[in-house]
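Chain by chain, the residues run as shown.
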Amino acid sequence: MVILRGGDGRRPSSKTLNHPDAASNRDDYATAKDGGYAVEEDEDTPLLLRSETASDRRRRDARAAELIQKHPKATSWRSYLWDTLDKSPEERRFLFKLDAVLLTFASLGYFIKYLDQININNAFVSGMKEDLGLYGNELNYMQAFWTVGYVIGEIPSNLLLTRVRPSIWIPACEVTWAVLTVFLALCTSTTQLYVLRFFIGIAESTFYPGMQYIIGSWYRKDELAKRSCIFHASGALGTMFSGYLMAGVYKLDGYRGFKGWQWLFIVDTAVSLPIAVAGFFFLPDLPEITRAFYLTPDDVALAQKRMQLEGRAQRSPYTRAKFAKIFKSWHIYLLTALFVFFNNGNGALGQPAMQLWLKSKGYSVEEINTIPTITAAITVVTTLIYAWTSDSVFRGERWPPIIFSGAVLIVVYTSFSAWDYIPDGWKWACFLMAGCGGGISGLTFAWAHEICGDDNEERALVTGSMNEMAYVVQVWLPLLVWQQVEAPRYIKGYVTMVFIAIAMIVTALVIRVLHHRERDRKLLFVGA
């Protein structure tokens, strides 16, 4: 934070400095320094700002404006492969550094988050069920306790990110869930499992919506879907790796007195902790408050100008009027509904449906854990296809891949609803095709960033609400339609998924109409 004082010790008036709603801390600092004010700096003041004058800032802004396209557009076929290839060399270098650090950390973080979230399913089908006597619906309850913790922590965490440095808050939560995960290996009762899963859920609640908020604070429309989807795809990679890891550590069964499924939790923590600690040093926060050592002052000016051209608002105070505006808009309700339908509309991925079916068919532990990773691989591939086509072929439109995904899920779950009447070969095909429905999360968040781009706090609240309400539904829905005792013939679950897929398609089409209408009104207002 920067505190500015004049020669008489008083703070300058709002007429002297830019109002905080309209300018960044950096502007206030530079203006005050040129105006002869003394500056008191604390540890929150970005190092990049401490020697900069207003003339330096104006020069950097002018240079940044020259380097950035006001309206990004493809000028050659290369940009369809990767969007930075048609940008200026300076912007390309900046994005290379940002991708190399932010996107890598986000992807690794989500990888370990999903690894530590989904490991309970792999452990359950690999001896945990028998060793702890979990023959009822205990798996459902373990998932429910995790979800309750996740729900409780999510929106408060995302709102906190608009006031606390993400480079402190997010890694601290990562370290917490990584440490708690290893204690799952020591559990001897369901009560211990439930308590640990609850607190792991709270710790993990900050990561996905928080990182989506940060990604949306750095990237422009032609870049956003690809980054959001690459980030999301790392979760599917976590699912795959968890299966391979369980197949590998199962061979350690009995080593040093631990069962194979216990070694899964131990190794998960060993993988997660180094990545979590790295976040304290590499996460760049937001453009207006970054103090990342790998970004130059020119990079920061470029980042801020990019967001200004994108209409992406900076942080401002929460007020009663702001909350009223947010909750009177359709944004928070329809975008939240869209993500609720996505997140709860592909239960064959969220539940160990395929694993339990394979187990009922007599497959080995290794096969039960590795064969379902094919579905996760399909999710990764289709996620990237959705991202690239949305940014290029569909010219930034997010709804076409969402409609396609919903249509595939209708086919899959309509087929599963006739479980007793379809051959095993078609069941195999449907379990694999279900992977096509798991890759649109990044698109829904990219859409939310664009729709809510002119209000930073709305963007944080809406993206937090999307994930929050999705998991609120996930607390109780599996207990009704995905009961462990009915596996793998989840008829109620499969039928429910058909209706959710239909609802997702309808919601996406309604959002498209309202967004286009809202965008046209803004263009008319600007033109007037």
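This write-up is about the structure you can find in this document. Just so it is clear, the model here is predicted, and its values are computed rather than measured. Position numbers for residues start from 1 in each chain and track the written sequence from start to end. In keeping with the predicted nature of the model, local features appear solely for residues at pLDDT of at least 70, side-chain atom pairs appear and are counted solely at 80 or more, and the whole-chain, interface and lining totals rest on all residues. The basis for every side-chain value is the complete set of non-hydrogen atoms in the structure, without hydrogens or water.

Quick word on the overall build of the protein chain
Then, in step 1: Each helix and strand counted, the protein chain has 22 helices and two strands in total.
Then, in step 2: Looking at the protein chain as a whole, 56% of its 528 residues qualify as buried.
Then, in step 3: The contact criterion used throughout is that any non-hydrogen atoms of two residues lie within 4.5 Å. Here the analysis covers contacts within the protein chain between residues at least 6 apart in sequence; of these, 78% occur between residues at least 24 apart.
Then, in step 4: Of the roughly 21400 Å² of accessible surface on the protein chain, 64% is carried by carbon and sulfur atoms. The secondary structure listing takes helices from DSSP runs of H or I that are at least 4 residues long and strands from runs of E that are at least 2 residues long, numbered from the N terminus. Whether a residue is buried, partly exposed or exposed follows from its accessible area with a 1.4 Å probe, protein chains only, as a fraction of its type maximum: under 20%, in between, or over 50%, in that order. Each accessible area is a Shrake-Rupley result for a 1.4 Å probe, and residues are judged covered by the shown protein chains and nothing else.

Focus on the pattern of salt bridges
Then, in step 1: Here a salt bridge means any side-chain nitrogen of Lys or Arg lying within 4 Å of a carboxyl oxygen belonging to Asp or Glu. What the rule picks out here adds up to 19 salt bridges.
Then, in step 2: As a salt-bridge pair, arginine 165 and aspartate 285 come within 2.9 Å of each other at their nearest N and O atoms. Highlighted residues: arginine 165 in the loop between α5 (138-160) and α6 (166-183) and aspartate 285 in the loop between α10 (260-282) and α11 (297-310), separated in sequence by 120 residues.
Then, in step 3: Of the residues examined, aspartate 285 reaches a relative accessible area of 2% and is grouped as buried.
Then, in step 4: With a shortest N-O distance of 3.1 Å, aspartate 455 and lysine 322 are connected by a salt bridge. Taken together, the residues aspartate 455 in the loop between α20 (441-451) and α21 (456-481) and lysine 322 in helix α12 (residues 320-328) connect sequence positions 133 residues apart. When sorted by exposure, aspartate 455 lands in the same class as lysine 322, which is buried.
Then, in step 5: Through salt bridges with shared partners, a single ionic network connects Lys87, Glu91, Asp222, Glu223 and Arg306.

Side note on the packing of helix α8 (residues 207-215) against helix α9 (residues 221-249)
Then, in step 1: For helices, the fitted axis covers only the stretch in contact; all axes are lines through C-alpha atoms, and the angles between them, taken along N-to-C directions, range from 0 to 180 degrees. Contact geometry of α8 with α9 gives a least axis separation of 10 Å together with a crossing angle of 155°. In terms of orientation, α8 and α9 fall into the roughly antiparallel class. Where α8 crosses over α9, the two elements pack in a sense that is right-handed. Counted together, Phe207, Tyr208, Met211, Gln212 and Ile215 of α8 and Leu224, Arg227, Ser228, Phe231 and His232 of α9 form the full contact between these two elements.
Then, in step 2: Any residue outside Ala, Val, Leu, Ile, Met, Phe, Trp, Tyr, Cys, Pro, Asp, Glu, Lys and Arg is labelled polar, Gly included; the first ten of those are nonpolar and the last four are charged. Residues that form the contact of α8 with α9 fall into these classes: six nonpolar, three polar and one charged. Orientation categories follow fixed angle ranges, with anything under 35 degrees roughly parallel, anything over 145 roughly antiparallel, 65 to 115 roughly perpendicular, and all other angles oblique. By convention, the crossing between two helices is left-handed when the near helix turns anticlockwise from the far helix through less than a right angle, and right-handed when the turn is clockwise.

A few points about the packing of aromatic side chains
Then, in step 1: Aromatic rings from Phe, Tyr and Trp, taking only the six-membered ring of Trp, are treated as a pair when their centres fall within 6.5 Å; an angle between ring planes under 30 degrees marks them as stacked, one over 60 as edge-to-face, and anything in between as tilted. Counted according to the given criterion, the structure contains 38 aromatic pairs.
Then, in step 2: Here the aromatic rings of tyrosine 255 and tryptophan 263 are separated by 5.8 Å at their centres, their planes lie at 35°, and the arrangement is tilted.
Then, in step 3: A residue is classified by how much of its surface remains accessible, and tyrosine 255, at 43% relative accessible area, is partly exposed.
Then, in step 4: Consider the rings of phenylalanine 339 and phenylalanine 342, whose centres lie 5.5 Å apart with planes at 45°: the pair is tilted. Within this pair, phenylalanine 339 and its partner phenylalanine 342 are both found in helix α13 (residues 331-344), separated by three residues, close to a single helical turn.

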